[in-house]
Amino acid sequence: MGQRWRAVGVLTAALFAVNVVARLVIRFAFPDDDTAASRVSLVMFLAIGLVLAGVSFRWGADRPVGHWAGDLAVAVVAALALTVFVGPLLVGENPFGGGAGLFFAQIWLYLAATAAGVLVGYLTLTALGRDFRSRQLKRYAELKTSRPRRIVRR
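Residues numbered from 1 in each chain as written. Predicted model: local features only at pLDDT ≥ 70, side-chain atom pairs only at ≥ 80, totals over all residues. Heavy atoms only, no water.

Student: Help me understand the packing of aromatic side chains in this model?
Tutor: How two aromatic rings sit relative to each other is given by the distance of their centres and the angle of their planes. Within the structure shown, the criterion is met by 5 aromatic pairs. Ring geometry for Trp 68 and Tyr 122: centres 5.4 Å apart, planes at 50°, overall tilted. Separated by 54 residues along the polypeptide, Trp 68 in helix α3 (residues 65-90) and Tyr 122 in helix α4 (residues 100-127) bring together distant segments of the chain. The same class applies to Trp 68 as to Tyr 122, namely buried. Taken together, the aromatic side chains of Phe 85, Phe 96, Phe 103 and Phe 104 make up a single cluster linked through ring pairs. Over the ring of Trp 59 we find Arg 63; its NZ or CZ atom is 4.8 Å from the centre of that ring. (Phe/Tyr/Trp six-rings, centres within 6.5 Å; stacked < 30°, edge-to-face > 60°. Helix = DSSP H or I, 4+ residues; strand = E, 2+ residues; numbered from the N terminus. Buried < 20%, exposed > 50% of the residue type's maximum accessible area, 1.4 Å probe, protein only. Lys NZ or Arg CZ within 6 Å of the ring centre and 35° of its normal.)

Student: Sorry if this is basic, but what is going on with the pattern of salt bridges here?
Tutor: This model, assessed by the stated rule, comprises 3 salt bridges. A salt bridge links Asp 62 to Arg 58; its shortest N-O distance comes to 2.3 Å. Of this pair, Asp 62 and Arg 58 both sit in helix α2 (residues 34-62), 4 residues apart, which is roughly one turn of the helix. With its nearest N and O atoms 3.3 Å apart, the salt bridge here joins Arg 63 to Asp 71. Of the residues examined, Arg 63 reaches a relative accessible area of 24% and is grouped as partly exposed. Members of the salt-bridge network, linked through shared partners, are Arg 4, Arg 63 and Asp 71. (Salt bridge = Lys/Arg side-chain N within 4 Å of Asp/Glu carboxyl O.)

Student: Mind showing me how you'd approach the layout of surface pockets here?
Tutor: Put simply, the largest pocket is a space of about 730 Å³. Going through the elements one at a time, α1 (2-29), α2, α3 and α4 are the ones with two or more residues in the lining of the largest pocket. Here the lining of the largest pocket is composed, by residue class, of 15 nonpolar, 9 polar and 5 charged. (1 Å grid on protein atoms, 1.4 Å probe; cavity = no way out; pocket = protein on both sides within 12 Å on 5 of 7 lines; lining within 4 Å. Points joined across faces, edges and corners; volume = space filled by probe spheres on them. Nonpolar A, V, L, I, M, F, W, Y, C, P; charged D, E, K, R; others polar.)

Student: Honestly, the packing of α2 against α4 in this entry has me stumped. Any pointers?
Tutor: Relative placement of two packed helices is described by the angle separating their axes and the distance separating the axes. Relative orientation of the contacting elements α2 and α4 amounts to 35°, with a least axis distance of 7 Å. Crossing geometry of α2 relative to α4 is assigned as right-handed. On α4, the residues touching Phe 45, Ile 48, Gly 49, Leu 52, Ala 53, Ser 56, Phe 57, Gly 60 and Ala 61 of α2 are Leu 109, Tyr 110, Ala 113, Thr 114, Gly 117, Val 118, Gly 121, Tyr 122, Thr 124 and Leu 125. Of the residues that constitute the contact of α2 with α4, the class distribution is 12 nonpolar, 7 polar and no charged. (Axes fitted to C-alpha atoms, helices over the stretch in contact; angles between N-to-C directions. Left-handed = near helix turned anticlockwise from the far one by under 90°. Contact = heavy atoms within 4.5 Å.)

Given below as structure tokens:
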């Protein structure tokens, strides 16, 4: 059980670290350039999506969807809370300084990036037939075809 929560914590920290790096790049490299800040934010959301695609690809191969989806949801919600509330404080900004529109836009964009990443990872895994359920069905089919056929006597 501790191993499971450790993996969730590491994923949360990794997602939050991507956000912190993006905020620091915007703060120090492009302090007054909104276009560059938008591009860095886009790269951040792509990186978050790629991280989650890799994690869902890896976890989906070993466990049923119900087991790893909850872990991913906890990690994403925790990382989202850290990103929205703690991230701006690390670079000297107010989390609500941009107004309600920017605050909720961050949340929706973050959730869209995470959902897209998880879907890409899991759908790729499923298309390759390497997900937990496909491998279970393959083992079942092999077991059923490997048994000799029973002969019914009359």
